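Take a look at the letters that make up each chain.
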Amino acid sequence: MATGQALTMRELERAVGVQARTLRHWIRLKLLPKPLGRGRGARYMTTHVARANAIRRLRSERLSTPAIRARLTQLTEEQMAAMRPPVAPDTEAPREPPPEPSYPFISWESITLIDGLVLLVSRSRGAAVRRIADEIYRYYGARTS
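Residues numbered from 1 in each chain as written. Predicted model: local features only at pLDDT ≥ 70, side-chain atom pairs only at ≥ 80, totals over all residues. Heavy atoms only, no water.

A. Just the packing of helix H1 (residues 9–16) against helix H2 (residues 20–28), in detail. Where H1 meets H2, the axes come as close as 9 Å, and the angle between the chain directions of the two elements is 100°. Classed by the angle they form, the pair H1 and H2 counts as roughly perpendicular. Of H2, the residues touching H1 (which contributes Met 9, Leu 12 and Glu 13) are Ala 20, Leu 23 and Arg 24. A per-class count over the contact of H1 with H2 returns 4 nonpolar, no polar and 2 charged. (Axes fitted to C-alpha atoms, helices over the stretch in contact; angles between N-to-C directions. Helix = DSSP H or I, 4+ residues; strand = E, 2+ residues; numbered from the N terminus. Parallel < 35°, antiparallel > 145°, perpendicular 65-115°, else oblique. Contact = heavy atoms within 4.5 Å. Nonpolar A, V, L, I, M, F, W, Y, C, P; charged D, E, K, R; others polar.)

And the structure:
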């Protein structure tokens, strides 16, 4: 990013890795300065990026909002620009599937008889249980129609 380049909110989001909602919250808390312009015409400068990255770094250290505000007043622009936000874990790496459960596992069918009344039927209990569930469903289903 070139020095002095004006950014939109979306570009600032991408540059900092923080949602617009959070950035606006930081502006309301006076941790970040207001943008140049208003609404869709609002533009953010490299100073906003450096300051937002510094805020992220200080938040990762679990500092309170007043403590962050105090620390930011003590830092120069160069010091803020040198602060790097915490490195997020690699979210692109494939995750291992969870292990198979060690507890007994039963698969259930959920049958809504009427609004607010659900019948659970074990799939492993055979045809007789399913026939009974079907009769119950036909009986209560006929009453609600």
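Now that the structure has been shown, we can carry on.
B. Seen up close, the nonpolar core. Among the nonpolar cores identified, the biggest contains 23 residues, and Leu 12, Leu 23, Trp 26, Leu 32, Tyr 44, Ile 55 and Leu 72 are the most heavily contacted of them. Put simply, the parts of the chain that give this core at least two residues each are H1, H2, helix H3 (46–60) and helix H4 (65–74). The element contributing the most residues to this core is H3, with 6 residues. Residues in contact with Leu 12, not counting those within four places in the same chain, are Leu 7, Gly 17, Leu 23, Tyr 44, His 48 and Val 49. (Core = buried A, V, L, I, M, F, W, Y, C linked by side-chain atoms within 4.5 Å. Buried < 20%, exposed > 50% of the residue type's maximum accessible area, 1.4 Å probe, protein only.)

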